[in-house]
Amino acid sequence: MSAQNRVSNQTKVITGNAAAAYGAMLCRPDVVAAYPITPQSELIEQLAQFHADGILDCEYVTVEGENSAQNVVCGASMAGGRTFTATSSYGLVYMYDAMFNTAGYRAPVVMINVNREPPGIHAVCSGQQDMISVRDTGWVQLIAETCQEILDLTIQAFRLAEDYSIQLPVIINYDGYYLSFLAESVNIPAIEDVDKYLSVLKSQPKRPTLIPGEAIGCGSHGIGMGYVELRRKHMAAMDRVMPIVDVIDEEFGQAFGRRYGGQIETYRTEDADIVLVTSGSAVGTARTVIDAKREEGMKVGLVKLRLYRPFPVLRLSDALKGKKAIGVLDRSICFGWGCGPLYMETKAISSNIGHVPMLSFIDGLANMDITKEHIGQMIDTIFKASQGDSYQEVTWLP
Amino acid sequence: MSTIEKKRPKVFEYFQSEDQFAGGVAFCAGCALELNVRFISKVMGKNTVLVGTPSCSAPVLNGQNVAAWHKLGHYACTMTGVASSATGLARYYQRAGIDANVVCFTGDGCAQDIGFQTLSGAAERNEKMIYICYDNEGYMNTGIQRSSATPFGASTSTTPVGSQSQGKTTGSKNMPLIMSMHDIPYVATATLSHLEDYAQKLVKAKEKAKEGFAYIHVFCPCLVGWKIPMDDSIQVCRAAVRTNYFPLWEAVDGKFQMTHKVNKPKPVQELTSRLGKFKHLNDENLAILQSKVNKRYKLLQALCEAPE
Amino acid sequence: MAVTEKKECCIFETEASWSYANSHLLCLKTGEWRTERPVVNREICNSCGICFTYCPPQCMVDDGDYYKANLEFCKGCGICAKECPKGAITMRSEGDYANECPK
């Protein structure tokens, strides 16, 4: 039995952080950069243990800061390696300058970001402000709802990032505390099955890498139209991500028996009059409330946003078209627009879905739970708006 | 007419390849950095991958769209990411069994200030690579601003001379000594007037980089920033060595030794009088600078004489 | 949000900024910068090669038994003249060669 299958190819109760570590380990990264930050630390500790036990054969680089972590994985990726790192909040913004490099160089790095509130006010608690503060770096961003999805998405991330038609770095986000430290039953696939799932990448053309002695320069200055051309190519690659996320999810479903809906997951939206849109662990709570409201006769549905960057305009438009009112639950705030950021982006597709009442709900900051009662309130408010009552566009909870 | 026996200076024996740079590149006329970078390309070999950053070297080390000014491998990154990007490259090359000589090549601003953390981290991890810092004592490419390598009393665009100021008020960091405290196999100082010494150190660094981190600190005058005539760069290097302002030494596995002994060091004024950036230096400040030079040299001497 | 499908101006064959010096090596005519040029007095020169060693653009080239400046790239900095131990090199104004046909 392989070293990896001694710990995988089984179902275990593990935390979100551990699930991410398993996901990364199963994909056989060449170089892993590690710097601890709450609530991610256990993830890199698990990887360190895998490395020490001979389960993870890689260059495990314990860097002295997240900025270095990003540069290490970018450099190693440009040299030709498969790379992985993980961070959260302050760490994510500390590597901000390097993230532009990674995306600009089209390095297929996979990174976990454990959502935690970053600067402004010192906080060691869950929130998505870190994720939205790097939305324009040019990275692909996905969001997980459960520990199982964390593991599955990590594997899918390598498949997506290294796809020859994409070649973009990918972030997997999941809620700090609510998922990072939550232990759930997780099925850990056998490493051979993951190898097989990723083997399609081997039949694709090789991406350019920095080979010594070949007079190659990585990161040359983009001058004039050369620069513009590369930005257009980057933008075009981002566009190609959307349908590929659906394809990858379906392929994953066929290989491992678990599907998540691709860019978004719709829950009971087909005949719904009103819809709540949200992401992350709050989705789990929302499902329970949707079911309860349905029992009461309310025609309400839920859209789970899995792909954040690029924003899944077409799939979301399809899901929300014809609805009477829409609410968006954010775990962060969009300065400048006085509302939640996911709300703002959903509002931007109003011309596709019709100008109906849209409501922004901001909840779950500072590790304050997004409770069933809160979601119940949100749904009631959306319902009233759909009936023509006057409504407040932005509501902060609790 | 006596016959001429054409000589090749001994330093030629260290050249592994011809100059990898194009004939005409955009360095100032008389710039010591141009000599530095061409010299390195000849001594270090074609499997060298230079890791560079915005600086005086960037317009030449960096490509422009698909074209480049030299034939060495090159990786461009931000000032905060030089040693860490090089770590990523070096680690993957080792893992994949690819023969590569990873060389970080930055100015003092990057090495000593904004990129210091990552350099220190890479050294502490004993990454197998070389870091060459060309010390022109300031941020020259952006307009001659001061850095932590700028010496006491120097005039720069952010420590200018005026009625309220006589230049930089603090001394500089002793960077090579700081690096030697990282428990790494090789640290050395070098300059462009003593090229054979520099070549030997480059060769030794390449060898030692197979075991761990090698750091070379090169005194590299900036004729524009220091306000010196364009034919004087090499003379300035020589003066720096002769005054013990920039002693030439190396530390191999922690053992210090002078590689060029100066028996009768000249007063530092022999150096400062050549540099426009010290034109305003009064006697009091000159004395302070001299005392800093003396103190630094005494410490180095003590390290060289320390028992094993 | 759709990006045009047709192949847009292609400076890069790659998706990111890679440079390939073997096929695209740039070179500046830095010889056009100078206001003075080095002239080697072969009666004094003993061909020690020090000018060759210290020339920053490394443009002192072999010329039979001696060295001379490659005027295509010589920037006229004068380091060769300064470093020559024999004083065999003098810097002469480009003006003296104004009537010379450029190569």
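What counts and what doesn't
Residues numbered from 1 in each chain as written. Chains lettered and ligands numbered in written order. Predicted model: local features only at pLDDT ≥ 70, side-chain atom pairs only at ≥ 80, totals over all residues. Helix = DSSP H or I, 4+ residues; strand = E, 2+ residues; numbered from the N terminus. Rg over C-alpha atoms; globule rule 2.2 N^0.38 Å. Buried ≥ 20, exposed ≤ 12 C-beta atoms within 10 Å, placed from the backbone. Contact = placed C-beta atoms within 7 Å. Core = buried A, V, L, I, M, F, W, Y, C linked by C-beta atoms within 7 Å. Domains from an automatic or database assignment. Pairing = 2+ DSSP bridges. Nonpolar A, V, L, I, M, F, W, Y, C, P; charged D, E, K, R; others polar. Axes fitted to C-alpha atoms, helices over the stretch in contact; angles between N-to-C directions. Parallel < 35°, antiparallel > 145°, perpendicular 65-115°, else oblique. Left-handed = near helix turned anticlockwise from the far one by under 90°. pLDDT = per-residue confidence, 0-100.

Engineer: Help me understand the overall build of chain A in this model?
Structural biologist: Helix and strand counts for chain A stand at 15 helices and 16 strands. Radius of gyration (C-alpha) of chain A: 21 Å, near the 21 Å computed for a compact globule of 398 residues. Counting across all 398 residues of chain A, residues that qualify as buried make up 58%. Here the contacts in chain A between residues at least 6 apart in sequence split such that 78% fall between residues at least 24 apart.

Engineer: Before we go on, may I ask you to explain the nonpolar core in this structure?
Structural biologist: A general tendency of soluble globular proteins is for nonpolar side chains to be buried together. Judged by nonpolar contacts, the single largest core of 254 residues is most densely connected at Val170(A), Val51(B), Leu89(B) and Ile132(B). Looking at this core, the element that brings in the most residues is helix H8 (residues 147-161) of chain A, giving 9 residues. Both of domain 1 (3-256) and domain 2 (264-396) of chain A provide at least three residues apiece to this core. Excluding residues that lie within four positions of it along the chain, Leu89(B) makes contacts with Gly75(A), Ala76(A), Ala79(A), Leu210(A), Val49(B), Val51(B), Tyr75(B) and Val102(B).

Engineer: I keep staring at the domain arrangement of chain A and nothing clicks. Help me out?
Structural biologist: Where the parts come together, the accessible area they lose is often given as the size of the interface. Residue and element names in this part refer to chain A. If you check the domain split of chain A, you get domain 1 (3-256) and domain 2 (264-396). Between domain 1 and domain 2, the residue contacts involve 28 residues of the former and 20 residues of the latter. Among the secondary structure elements, those contributing two or more residues to the side of domain 1 that touches domain 2 are helix H7 (129-133), strand S6 (140-143), strand S7 (170-175) and helix H10 (225-256). No other element matches the 5 residues that H10 contributes to the side of domain 1 that touches domain 2.

Engineer: For this particular structure, what's the right way to read the pairing of strand S9 (residues 248-252) of chain B?
Structural biologist: Regular strands place side chains that alternate from one sheet face to the opposite one. Residue and element names in this part refer to chain B. Within S9, 4 of the 5 residues are buried, which leaves it mostly tucked inside the rest of the structure. Sheet topology places strand S7 (residues 186-191) next to S9; 3 bridges connect them, and they run antiparallel. Note on S9: the bridge partner recorded for Ala188 is Glu250. In this sheet, strand S10 (residues 255-260) lies alongside S9 in antiparallel orientation, the contact comprising 5 bridges. Bridge pairing links Glu250 to Gln257 in S10. Once S9 ends, the chain turns through 2 residues before running back antiparallel as S10, passing Asp253 with a positive phi of about 50 degrees.

Engineer: Quick question: what am I supposed to make of the interface of chain C and chain B here?
Structural biologist: Contacts between chain C and chain B engage 37 residues on the former and 36 residues on the latter. At the level of elements, strand S1 (18-20), helix H1 (50-54) and helix H2 (79-83) of chain C are the ones that each hand at least two residues to the side of chain C that touches chain B. Element by element, the count of residues in the side of chain C that touches chain B is highest for H2(C), at 4 residues. Classifying every residue of the side of chain C that touches chain B gives 19 nonpolar, 11 polar and 7 charged.

Engineer: Looking at this model, I keep getting lost on the sheet that holds S7(A). Mind explaining?
Structural biologist: Each strand in a sheet pairs with its neighbour through backbone hydrogen bonds, running either in the same direction (parallel) or in the opposite one (antiparallel). Residues and elements named next belong to chain A. Strand order in this open sheet of 7 strands is S3-S2-S4-S5-S7-S6-S13, and the pairing throughout is mixed. In this open sheet, the two edge strands, each paired with only one partner strand, are strand S3 (59-62) and strand S13 (307-309). Taken over all neighbouring pairs, the strand axes of this sheet differ in orientation by 20 degrees on average, direction set aside. Strand direction decides the pairing type here: strand S2 (residues 31-34) and S3, joined by 4 bridges, are parallel. Each residue of the ladder has a partner; that of Ala33, found in S3, is Val61. Across the sheet, helix H3 (residues 41-52) touches S2, S3, strand S4 (83-87) and strand S5 (110-115), and the angle it forms with S2 is around 135 degrees.

Engineer: Would you mind showing me how to read the interface of chain B and chain A here?
Structural biologist: Contacts between the two partners involve 34 residues from chain B and, on the opposite side, 36 residues from chain A. Listing elements by their share of the side of chain B that touches chain A, those giving two or more residues are strand S2 (73-76), helix H3 (82-96) and helix H5 (116-124) of chain B. Considering every element that reaches the side of chain B that touches chain A, the biggest residue donor is H3(B), with 11 residues. Classifying every residue of the side of chain B that touches chain A by side-chain character gives 12 nonpolar, 17 polar and 5 charged. Sheet analysis places strand S9 (residues 216-218) of chain A next to S2(B), joined by 2 bridges and oriented parallel. For Cys218(A), the partnering residue across the bridge sits in S2(B) and is Tyr75(B).

Engineer: Please clarify how the packing of helix H4 (residues 66-79) of chain A against helix H6 (residues 96-104) of chain A should be interpreted in this entry.
Structural biologist: When two helices pack together, you describe them by how their axes are tilted relative to each other and by the distance separating the axes. Residues and elements named next belong to chain A. At a minimum axis distance of 8 Å, the contact between H4 and H6 shows a crossing angle of 15 degrees. For the element pair H4 / H6, the angle class is roughly parallel. Two packed elements cross with a definite hand, and for H4 against H6 that hand is left-handed. Between H4 and H6, the contacting residues are Asn67, Gln70, Asn71 and Cys74 on the first element and Ala98, Met99, Asn101 and Thr102 on the second. Residue classes in the contact of H4 with H6 are distributed as 3 nonpolar, 5 polar and no charged.

Engineer: Looking at this structure, how should I read the packing of H8(A) against H10(A)?
Structural biologist: All names here are of chain A. Look at H8 against H10: their axes get within 10 Å of each other, and the N-to-C directions meet at 125 degrees. Between H8 and H10, the angle falls in the class oblique. H10 is crossed by H8, and the crossing has right-handed handedness. Across from Asp152, Gln156, Arg159 and Leu160 in H8, the residues of H10 making contact are Ile244, Val245, Ile248, Asp249 and Phe252. Taken together, the residues that form the contact of H8 with H10 break down as 5 nonpolar, 1 polar and 3 charged.

Engineer: Help me understand the environment of Lys29(C), please; the structure alone is not making it clear to me.
Structural biologist: By secondary structure assignment, the location of Lys29(C) is in the loop between S1 and strand S2 (36-40). Sequence separation between Lys29(C) and Gly95(C) is 66 residues; the distance between their C-alpha atoms is 19 Å. Beyond its immediate sequence surroundings of up to four residues, Lys29(C) is in contact with Gly24(B) and Glu72(C).

Engineer: Got a minute to help me understand the confidence of the model for chain B in this structure?
Structural biologist: The predicted coordinates of low-pLDDT regions are not to be read in fine detail. The pLDDT averaged across chain B works out to 96; a share of 98% of its residues lies at or above 70. The ipTM, which scores confidence in the relative placement of chains, is 0.95 for this predicted complex, and the corresponding pTM is 0.95.

Engineer: Help me understand unusual backbone geometry, please; the structure alone is not making it clear to me.
Structural biologist: Note on backbone geometry: most residues besides glycine have negative phi, and most peptide bonds are trans. The omega angle of the peptide bond from Arg309(A) to Pro310(A) is -5 degrees, so this bond is cis rather than trans. Within the secondary structure layout, Pro310(A) lies in the loop between S13 and helix H12 (313-320). Note that the residue after Leu397(A), namely Pro398(A), is joined by a cis bond; omega there is 5 degrees. With respect to the helices and strands, Pro398(A) occurs in the segment after strand S16 (394-396). In this structure, Ser89(A) is a non-glycine residue whose phi angle is positive, near 25 degrees. Here Ser89(A) shows up in helix H5 (residues 89-94). Classification of Ser89(A) as buried rests on a count of 28 C-beta atoms within 10 Å. Here Ser47(C), not a glycine, exhibits a phi torsion of approximately 60 degrees, which is positive. Along the chain, Ser47(C) falls in the loop between S2 and H1.

Engineer: Looking at this model, I keep getting lost on the sheet that holds S10(B). Mind explaining?
Structural biologist: Reading across from one edge, S10(B)-S9(B)-S7(B)-S8(B)-S4(B)-S3(B)-S1(B)-S2(B)-S9(A)-S1(C) is the order of the 10 strands in this open sheet, with mixed pairing throughout. Across the chains shown, the open sheet's two edge strands, defined by having one partner strand only, are S10 of chain B together with S1 of chain C. Across the sheet, the axes of successive neighbouring strands diverge by a mean angle of 20 degrees, strand direction being ignored. Strand direction decides the pairing type here: S7(B) and strand S8 (residues 214-219) of chain B, joined by 6 bridges, are parallel. Each residue of the ladder has a partner; that of Ala188(B), found in S8(B), is Ile216(B). Strands in contact with helix H1 (residues 32-44) of chain B are strand S1 (48-52), strand S3 (101-107), strand S4 (130-135) and S8 of chain B; relative to S4(B), the strand with the most contacts, it is inclined by about 160 degrees. Contacts between helix H7 (residues 195-208) of chain B and the sheet are confined to S3, S4, S7, S8, S9 and S10 of chain B, with S7(B) contributing the most and set at about 155 degrees to the helix.

Engineer: Help me understand the environment of Asn282(B), please; the structure alone is not making it clear to me.
Structural biologist: Residue and element names in this part refer to chain B. Examined against the element boundaries, Asn282 turns out to sit in the loop between helix H9 (269-272) and helix H10 (283-305). Judged by the 10 C-beta atoms lying within 10 Å of it, Asn282 falls in the exposed class. Sequence separation of Asn282 and Phe12 is 270 residues, and the distance between their C-alpha atoms is 43 Å.

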